[in-house]
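Each chain is listed here by its residues.
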Amino acid sequence: MLLLGCHVGFKKDTQLLGSLKEALSYHANTFMFYTGAPQNTSRYPIQDGLTLEALTLMKQEKFDYSKVVVHAPYIINLANDKDPDKYKFSVSFLQEELERCELLGIRYLVLHPGSHVGLGVDTAISNIAKGLNMILGTHPVTILLETMAGKGTEVGTTLEELKRIMDLVDDKEHLGVCLDTCHLNDSGYDMSKFDSFLDQFDKIIGIEKIGCVHVNDSKNPLGTHKDRHENIGFGTIGFDTLVSIIYNKRLENVPKILETPYVDRTYPPYKYEIEMIRNKKFDPNLIDKIKEQVL
Ligand code: FE
Ligand code: FE
Ligand code: ZN
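Just so it is clear, the structure is predicted and the values come from calculations on it, not from any experiment.

**Points about the coordination of the iron ion (ligand 1)**
Taken together, H71 (NE2), H112 (NE2) and E146 (OE) make up the protein donors of the iron ion (ligand 1), found 2.1 to 2.3 Å from the metal. All donors to the iron ion (ligand 1) come from one chain, and their sequence spacing reads H-x40-H-x33-E. For the pair the iron ion (ligand 1) and the iron ion (ligand 2), the metal-to-metal distance amounts to 3.2 Å, and E146 bridges them. A residue pair is termed long-range when its members are at least 10 positions apart, and H71 in strand β3 (residues 69–71) and H112 in the loop between β4 (108–111) and α4 (121–135) qualify at 41 residues. Since its relative accessible area comes to 1%, H71 is described here as buried.

Structure (structure tokens):
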């Protein structure tokens, strides 16, 4: 069954119940959320009552919770250990994030490998593995390393780099990969040749390691190392390529998550993008319609 969803909020007062209701309002059958604001690490305690209410609603709606994912905040950086306090903070925050995932019954946590900020890729790779080795295996949660666009000094922009990190991690069972189509495009992988990309992925890492796909169009051409997401069908990757990735049989049981931008920074596009993807027919006027709220 196609698992198609999007990034949703996680608010202090409604938590998982609010996230689920938001996903349902978009007709999504899976979702991803941050346990607080993506750009900071202030977090509220998880309220078990709200989690239970959400689980009850999922049962009623026959919602498959097993592949819902959490995304760790961007400011965690395991790649650079120049400042030992900052590095320690990243590791301990990630540990707490795994605890929150466990409390919420979440099995997958998406993580940006990090940026080396001058230390070089080799040192960064060993730092990332060192950090992961300190925390993996302590919780029944799998960390999915996201493929990065190569903006600034990001690590994990090639399959080879991800493989090198994975090779150094002891608990391989709890480590996988999250593909991001915008990031892959921006880092130089041609998404219009997705099957040969998957062959390459399978050879280097193993296709069974793909735990999630972030489906985004890109504002920039192939290989530009930018990382600016675009709405589905309105960017350089294009609707047909993205739809063929979403429906690719080899990734059938992998959740597909939209992280496309809000229209005018105000209107979430997800309900309409999900509908358009399910119809497999591009609507060139979609953004204008969302803007004018005439849908
Ligand atoms: Fe991400
Ligand atoms: Fe992403
Ligand atoms: Zn991105």
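Now that the structure is up, let's keep going.
**Focus: the side chain of S90**
Summarising the element assignment, S90 is placed in helix α3 (residues 84–104). Excluding residues within four positions of it along the chain, S90 makes contact with I75, I76, N77 and L78.

**As for the coordination of the zinc ion (ligand 3)**
At this site the zinc ion (ligand 3) is bound by H183 (NE2), D227 (OD) and H229 (NE2), with donor distances of 2.0 to 2.3 Å. On the primary sequence, the residues serving as donors to the zinc ion (ligand 3) are separated as H-x43-D-x1-H. Here the iron ion (ligand 1) and the zinc ion (ligand 3) are spaced 5.3 Å from one another.

**A word on the pattern of salt bridges**
For side chains bearing opposite charge, pairing can occur when the charged atoms are close. Across all of its chains, the model carries 11 salt bridges by this definition. The salt bridge involving R164 is made with D122; its shortest N-O contact spans 2.7 Å. Highlighted residues: R164 in helix α5 (residues 159–168) and D122 in helix α4, separated in sequence by 42 residues. Between D195 and R250 there is a salt bridge, and its shortest N-O distance comes to 2.7 Å. You can see D195 sitting in helix α7 (residues 194–204) and its partner R250 sitting in the loop between α8 (239–246) and β10 (256–258), a full 55 residues away along the chain. Judged by relative accessible area, which is 36%, R250 ranks as partly exposed. Here the salt bridges do not stand alone but share partners, grouping D195, D199 and R250 into one network.

Scoring rules and cut-offs
- Residues numbered from 1 in each chain as written.
- Chains lettered and ligands numbered in written order.
- Predicted model: local features only at pLDDT ≥ 70, side-chain atom pairs only at ≥ 80, totals over all residues.
- Heavy atoms only, no water.
- Donors = N, O, S within 2.8 Å, 3.2 Å for Na, K, Ca; no water.
- Helix = DSSP H or I, 4+ residues; strand = E, 2+ residues; numbered from the N terminus.
- Buried < 20%, exposed > 50% of the residue type's maximum accessible area, 1.4 Å probe, protein only.
- Contact = heavy atoms within 4.5 Å.
- Salt bridge = Lys/Arg side-chain N within 4 Å of Asp/Glu carboxyl O.

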